[in-house]
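# A closer look at the structure
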Amino acid sequence: MAQAVKTKKIPQRKCIVCTDRSDKKKLIRIVKNKEGQIFVDPTGKANGRGAYICQSMECMEKAIKTHALERSFRVEIPSEVYDRLKEELIKA
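What you see is a predicted model; the values in this text were computed from it and never measured.

This part is about the side chain of Asn33. With respect to the helices and strands, the residue Asn33 is situated in the loop between β3 (27-32) and β4 (38-40). According to the relative accessible area criterion, Asn33 is buried, its value standing at 13%.

In this section: the environment of Leu89. Mapped onto the elements, Leu89 comes out in helix α3 (residues 79-91). The exposure class assigned to Leu89 is buried, which follows from its relative accessible area of 9%. Residues Leu89 and Ser56 lie 33 residues apart in sequence; the distance between their C-alpha atoms is 7.6 Å. Apart from the residues lying within four places of it in its own chain, the contact partners of Leu89 are Ile28, Cys54, Gln55, Ser56, Met57 and Met60.

What follows deals with unusual backbone geometry. In this structure, Thr19 is a non-glycine residue whose phi angle is positive, near 60°. With a phi angle near 60°, His67 is a residue other than glycine that sits in the positive phi range. Position of His67 relative to the elements: it lies in the loop between α1 (57-66) and α2 (68-73).

Criteria and thresholds
Residues numbered from 1 in each chain as written. Predicted model: local features only at pLDDT ≥ 70, side-chain atom pairs only at ≥ 80, totals over all residues. Heavy atoms only, no water. Helix = DSSP H or I, 4+ residues; strand = E, 2+ residues; numbered from the N terminus. Buried < 20%, exposed > 50% of the residue type's maximum accessible area, 1.4 Å probe, protein only. Contact = heavy atoms within 4.5 Å.

As structure tokens, this is what we get:
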């Protein structure tokens, strides 16, 4: 008898803006650590509360307009942080 080949489970995450589910690797993880710093986490392993956004400028613009990150992290986010996140998105 032949054994069934096990397929590796790919973690799924949901974009906080458009609510589309996608592979964890295809989304951008934004983290708020204990010190209150908010930054893009390219490794996906940084400590802190994470939120995921699609790799599109459209989702980033909508996140800024609807305050999606502020709701996720329960904190007011300065415009400099959004500017830095946009720069990171362009690099990605």
